[in-house]
Amino acid sequence: MTILNIETSGKICSVALTMDGALEMQLDDCEGMQHANKVAPFAERCMSELTRKGIRPDAVAVSMGPGSYTGLRIGMSLAKGLAFSLDVPLIGVDTLKILAVKAMFRSMDWTGNEILVPMVDARRMEVFTAAYDFALNAVVEPQAMIIDADSFRDLLDAGHQLYFMGDGAEKTKQVISHPNAHWIDGLLPQAKDMLALSEKAFRENDFIDIAYSTPNYLKQYHTTKPKNQLK
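My aim in this report is to walk through the structure given alongside it, one point at a time. What you are looking at is a predicted structure, and each value in this text was computed from that prediction instead of being measured.

**Description of the environment of alanine 79**
If you trace the backbone, alanine 79 turns up in helix H2 (residues 69–86). When its relative accessible area of 0% is taken as the criterion, alanine 79 is described as buried. Alanine 79 sits 12 residues away from isoleucine 91 along the chain, and the two C-alpha atoms are 9.0 Å apart. When neighbours within four sequence positions are excluded, alanine 79 is seen to be in contact with Ile6, Val60, Val62 and Leu90.

Quick look at the structure:
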(Lines give C-alpha, C1' and ligand atoms only; values in the text may rest on other atoms or scores of the structure.)
Protein backbone atom coordinates (compact mmCIF):
# COMPACT_ATOMS: atom_id res chain seq x y z
CA MET A 1 0.00 0.00 0.00
CA THR A 2 1.13 3.55 -0.72
CA ILE A 3 0.05 6.33 1.66
CA LEU A 4 0.66 10.06 1.62
CA ASN A 5 1.01 11.15 5.27
CA ILE A 6 0.51 14.78 6.38
CA GLU A 7 1.49 16.11 9.83
CA THR A 8 0.87 19.77 10.71
CA SER A 9 -0.18 19.60 14.36
CA GLY A 10 2.91 21.26 15.82
CA LYS A 11 6.07 23.19 15.05
CA ILE A 12 7.23 20.80 12.32
CA CYS A 13 5.42 20.82 9.01
CA SER A 14 5.97 17.47 7.31
CA VAL A 15 4.77 15.18 4.57
CA ALA A 16 5.94 11.62 4.07
CA LEU A 17 5.37 9.00 1.41
CA THR A 18 5.24 5.46 2.80
CA MET A 19 4.99 2.21 0.90
CA ASP A 20 4.48 -1.28 2.33
CA GLY A 21 6.09 -0.53 5.67
CA ALA A 22 8.96 1.55 4.29
CA LEU A 23 9.60 5.27 4.17
CA GLU A 24 9.99 6.30 0.53
CA MET A 25 10.21 10.08 0.85
CA GLN A 26 9.99 12.67 3.61
CA LEU A 27 9.92 16.45 3.57
CA ASP A 28 10.14 18.47 6.79
CA ASP A 29 10.23 22.15 7.67
CA CYS A 30 11.43 22.86 11.21
CA GLU A 31 11.75 26.64 10.94
CA GLY A 32 8.49 27.49 12.65
CA MET A 33 4.82 27.75 11.82
CA GLN A 34 5.13 27.97 8.03
CA HIS A 35 2.57 25.24 7.36
CA ALA A 36 0.38 27.31 5.05
CA ASN A 37 3.35 27.95 2.76
CA LYS A 38 5.10 24.60 3.01
CA VAL A 39 2.68 21.71 3.25
CA ALA A 40 1.06 21.93 -0.20
CA PRO A 41 4.42 22.12 -2.06
CA PHE A 42 5.67 19.18 0.02
CA ALA A 43 2.63 17.13 -0.98
CA GLU A 44 3.05 18.13 -4.62
CA ARG A 45 6.68 16.93 -4.61
CA CYS A 46 5.62 13.58 -3.18
CA MET A 47 2.87 13.24 -5.77
CA SER A 48 5.33 14.09 -8.53
CA GLU A 49 7.58 11.28 -7.32
CA LEU A 50 4.67 8.86 -7.49
CA THR A 51 3.76 10.05 -10.98
CA ARG A 52 7.35 9.56 -12.08
CA LYS A 53 7.18 5.95 -10.88
CA GLY A 54 3.74 5.38 -12.37
CA ILE A 55 2.15 4.76 -8.95
CA ARG A 56 -1.09 6.04 -7.46
CA PRO A 57 -1.51 6.47 -3.70
CA ASP A 58 -3.94 4.11 -1.99
CA ALA A 59 -4.88 6.62 0.72
CA VAL A 60 -4.12 9.98 2.29
CA ALA A 61 -3.48 10.12 6.05
CA VAL A 62 -3.57 13.22 8.21
CA SER A 63 -2.69 13.93 11.82
CA MET A 64 -5.98 14.70 13.58
CA GLY A 65 -4.67 16.47 16.65
CA PRO A 66 -4.67 17.64 19.31
CA GLY A 67 -2.29 20.44 18.51
CA SER A 68 -2.15 23.83 16.85
CA TYR A 69 -5.66 24.84 15.80
CA THR A 70 -4.40 26.59 12.68
CA GLY A 71 -1.94 23.86 11.76
CA LEU A 72 -4.56 21.14 12.12
CA ARG A 73 -7.04 23.01 9.93
CA ILE A 74 -4.40 23.50 7.23
CA GLY A 75 -3.43 19.85 7.22
CA MET A 76 -7.01 18.61 7.27
CA SER A 77 -8.07 20.88 4.41
CA LEU A 78 -5.21 19.72 2.21
CA ALA A 79 -5.74 16.05 3.08
CA LYS A 80 -9.45 16.27 2.29
CA GLY A 81 -8.80 17.97 -1.04
CA LEU A 82 -6.20 15.39 -2.06
CA ALA A 83 -8.31 12.41 -1.00
CA PHE A 84 -11.32 13.76 -2.87
CA SER A 85 -9.43 14.61 -6.07
CA LEU A 86 -7.57 11.29 -6.07
CA ASP A 87 -10.70 9.33 -5.14
CA VAL A 88 -8.91 7.51 -2.33
CA PRO A 89 -9.89 7.02 1.34
CA LEU A 90 -8.87 9.45 4.08
CA ILE A 91 -7.20 8.19 7.25
CA GLY A 92 -7.17 10.17 10.51
CA VAL A 93 -4.29 9.50 12.90
CA ASP A 94 -4.27 10.64 16.53
CA THR A 95 -1.33 12.95 17.23
CA LEU A 96 -0.81 11.68 20.77
CA LYS A 97 -0.52 8.13 19.45
CA ILE A 98 1.99 9.32 16.83
CA LEU A 99 4.20 10.53 19.69
CA ALA A 100 3.72 7.31 21.64
CA VAL A 101 4.65 5.15 18.65
CA LYS A 102 7.68 7.33 17.94
CA ALA A 103 8.84 6.73 21.52
CA MET A 104 8.32 2.98 21.16
CA PHE A 105 10.75 2.87 18.25
CA ARG A 106 13.41 4.66 20.27
CA SER A 107 16.13 2.23 21.34
CA MET A 108 15.62 2.35 25.11
CA ASP A 109 15.58 -1.33 26.12
CA TRP A 110 11.85 -1.23 26.73
CA THR A 111 10.33 -4.06 28.78
CA GLY A 112 6.88 -3.38 27.35
CA ASN A 113 5.42 -2.64 30.77
CA GLU A 114 6.12 1.09 30.69
CA ILE A 115 3.39 3.68 30.24
CA LEU A 116 3.90 6.32 27.58
CA VAL A 117 2.57 9.83 28.27
CA PRO A 118 2.63 12.05 25.16
CA MET A 119 2.00 15.73 25.77
CA VAL A 120 1.18 18.57 23.41
CA ASP A 121 1.69 22.09 24.74
CA ALA A 122 -1.53 24.03 25.28
CA ARG A 123 0.06 27.16 26.84
CA ARG A 124 0.62 28.08 30.48
CA MET A 125 0.51 24.89 32.56
CA GLU A 126 -2.04 23.16 30.35
CA VAL A 127 -1.30 20.25 28.02
CA PHE A 128 -3.20 17.89 25.77
CA THR A 129 -2.28 14.44 26.96
CA ALA A 130 -3.13 10.77 27.40
CA ALA A 131 -1.35 7.69 28.73
CA TYR A 132 -0.89 4.50 26.72
CA ASP A 133 0.45 1.04 27.34
CA PHE A 134 2.51 -0.69 24.66
CA ALA A 135 -0.63 -2.03 22.97
CA LEU A 136 -1.79 1.61 22.65
CA ASN A 137 -4.64 1.02 25.06
CA ALA A 138 -5.54 4.26 26.81
CA VAL A 139 -4.64 4.04 30.49
CA VAL A 140 -5.64 7.70 30.72
CA GLU A 141 -8.03 8.93 28.03
CA PRO A 142 -7.02 11.90 25.82
CA GLN A 143 -7.86 15.18 27.51
CA ALA A 144 -6.80 18.73 28.24
CA MET A 145 -5.05 18.78 31.62
CA ILE A 146 -3.68 21.45 33.93
CA ILE A 147 -0.37 20.04 35.17
CA ASP A 148 0.37 20.10 38.90
CA ALA A 149 2.30 18.04 41.44
CA ASP A 150 -0.48 15.42 41.62
CA SER A 151 -0.79 14.81 37.88
CA PHE A 152 -0.58 11.05 37.19
CA ARG A 153 0.10 10.52 40.90
CA ASP A 154 -2.02 7.35 41.09
CA LEU A 155 -0.08 5.62 38.33
CA LEU A 156 3.28 6.74 39.66
CA ASP A 157 2.52 5.67 43.22
CA ALA A 158 1.29 2.31 41.95
CA GLY A 159 4.79 1.58 40.68
CA HIS A 160 4.28 2.23 36.97
CA GLN A 161 7.22 3.66 35.05
CA LEU A 162 5.88 6.70 33.19
CA TYR A 163 7.71 8.28 30.27
CA PHE A 164 6.70 11.84 29.37
CA MET A 165 7.37 13.17 25.86
CA GLY A 166 6.34 15.91 23.44
CA ASP A 167 6.62 19.69 23.53
CA GLY A 168 4.28 19.87 26.52
CA ALA A 169 6.33 17.50 28.66
CA GLU A 170 9.01 20.04 29.55
CA LYS A 171 6.67 21.91 31.88
CA THR A 172 5.99 18.72 33.89
CA LYS A 173 9.63 18.73 35.00
CA GLN A 174 8.82 21.85 37.02
CA VAL A 175 6.13 20.19 39.13
CA ILE A 176 6.31 16.39 38.94
CA SER A 177 8.98 14.89 41.16
CA HIS A 178 8.81 11.10 41.45
CA PRO A 179 11.31 8.26 41.03
CA ASN A 180 8.99 6.56 38.52
CA ALA A 181 8.72 9.64 36.29
CA HIS A 182 11.05 9.81 33.28
CA TRP A 183 11.35 12.11 30.28
CA ILE A 184 12.24 11.63 26.62
CA ASP A 185 13.46 14.98 25.31
CA GLY A 186 13.26 16.31 21.76
CA LEU A 187 10.35 14.15 20.61
CA LEU A 188 8.02 15.95 18.17
CA PRO A 189 5.50 14.40 15.76
CA GLN A 190 6.50 14.07 12.10
CA ALA A 191 4.76 12.55 9.10
CA LYS A 192 7.23 9.67 8.91
CA ASP A 193 6.14 8.60 12.40
CA MET A 194 2.60 8.01 11.09
CA LEU A 195 3.66 4.99 9.03
CA ALA A 196 2.66 2.18 11.41
CA LEU A 197 -0.62 3.80 12.44
CA SER A 198 -1.77 4.84 8.97
CA GLU A 199 -0.97 1.43 7.47
CA LYS A 200 -2.81 -0.32 10.31
CA ALA A 201 -5.84 1.89 9.72
CA PHE A 202 -5.74 1.11 5.99
CA ARG A 203 -5.61 -2.65 6.59
CA GLU A 204 -8.57 -2.38 8.94
CA ASN A 205 -10.55 -0.09 6.58
CA ASP A 206 -10.59 2.51 9.35
CA PHE A 207 -11.29 5.63 7.32
CA ILE A 208 -12.82 9.01 8.14
CA ASP A 209 -15.42 10.99 6.24
CA ILE A 210 -13.86 13.23 3.60
CA ALA A 211 -16.67 15.77 3.74
CA TYR A 212 -17.48 16.08 7.43
CA SER A 213 -14.45 15.05 9.50
CA THR A 214 -12.88 17.73 11.68
CA PRO A 215 -9.65 17.86 13.70
CA ASN A 216 -9.65 16.60 17.27
CA TYR A 217 -9.00 19.81 19.19
CA LEU A 218 -9.84 18.26 22.61
CA LYS A 219 -11.16 21.63 23.77
CA GLN A 220 -13.29 24.36 22.29
CA TYR A 221 -11.48 26.90 20.14
CA HIS A 222 -12.15 30.43 21.37
CA THR A 223 -11.52 33.63 19.50
CA THR A 224 -10.99 36.96 21.23
CA LYS A 225 -12.07 40.38 20.13
CA PRO A 226 -9.51 43.18 20.01
CA LYS A 227 -9.89 45.80 22.73
CA ASN A 228 -9.81 48.69 20.28
CA GLN A 229 -12.04 47.73 17.39
CA LEU A 230 -12.19 49.83 14.27
CA LYS A 231 -15.54 51.46 13.79
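**Examining the layout of surface pockets**
The computed volume of the second largest pocket comes to approximately 310 Å³. In this structure, the second largest pocket is lined by 13 residues; those nearest its centre are Gly92, Lys97, Leu197, Lys200 and Asp206. Contributing elements (two or more residues each) for the lining of the second largest pocket: strand S5 (90–94) and helix H5 (195–203). Of the residues in the lining of the second largest pocket, the class split is seven nonpolar, one polar and five charged.

**Quick word on the sheet that holds strand S6 (residues 115–121)**
If you walk across this open sheet you meet the five strands as S8-S7-S6-S9-S10, and the pairing is mixed. The sheet is open, and its two edges are formed by strand S8 (138–146) and strand S10 (181–184), each paired on a single side. Strand after strand, the sheet turns through a mean of 20° between neighbouring axes, direction not considered. Bridge analysis of strand S7 (residues 126–132) against S8 gives six bridges, and the strand direction is antiparallel. Looking at S8, one finds that phenylalanine 128 is bridged to alanine 144.

**So, the packing of helix H1 (residues 35–53) against H2**
Following both chains from N to C, one finds H1 and H2 inclined at 30°, their axes separated by 10 Å at the closest point. The orientation of H1 relative to H2 falls into the category roughly parallel. Here H1 runs over H2; the crossing is right-handed. Of the residues in H2, those in contact with His35, Ala36, Val39, Ala40, Ala43 and Met47 of H1 are Gly71, Ile74, Leu78, Leu82 and Leu86. Considering only residue class, the contact of H1 with H2 consists of nine nonpolar, two polar and no charged.

The rules behind the values
- Within every chain, residues take consecutive numbers counted from 1 along the sequence as written.
- pLDDT decides what is reported in this predicted model: residues at 70 or higher carry local features, side-chain atom pairs at 80 or more are listed and counted, and totals for whole chains, interfaces and linings draw on all residues regardless.
- The basis for the side-chain values is all heavy atoms of the structure; hydrogens and waters are excluded.
- A helix here means a DSSP run of H or I that spans at least four residues, while a strand means a run of E at least two residues long, and both kinds are numbered starting from the N terminus.
- Residue burial is assigned from relative accessible area. The probe radius is 1.4 Å, only protein chains are included, and a residue is buried under 20% of its type maximum, exposed over 50%, and partly exposed in between.
- Contacts: residue pairs with any heavy atoms within 4.5 Å of one another.
- Buriedness of a pocket was judged along seven lines, with at least five required to meet protein on both sides within 12 Å; pockets are open sets of points on a 1 Å grid over the protein atoms alone, cavities are sets where a 1.4 Å probe fits but cannot get out, and lining residues have an atom within 4 Å of a point.
- Grid points are joined across faces, edges and corners, and a volume is the space filled by probe spheres set on the points.
- Three classes are used: nonpolar for Ala, Val, Leu, Ile, Met, Phe, Trp, Tyr, Cys and Pro, charged for Asp, Glu, Lys and Arg, and polar for all others, with Gly counted as polar.
- DSSP bridges decide pairing: two strands pair if at least two such bridges lie between them.
- Between N-to-C directions, angles cover 0 to 180 degrees, with each direction set by a line fitted to C-alpha atoms, over the stretch in contact for helices.
- Throughout, the term roughly parallel applies to angles under 35 degrees, roughly antiparallel to angles over 145, roughly perpendicular to angles from 65 to 115, and oblique to all others.
- In this scheme the crossing of two helices becomes right-handed for a clockwise turn of the near helix relative to the far one and left-handed for an anticlockwise turn of less than a right angle.

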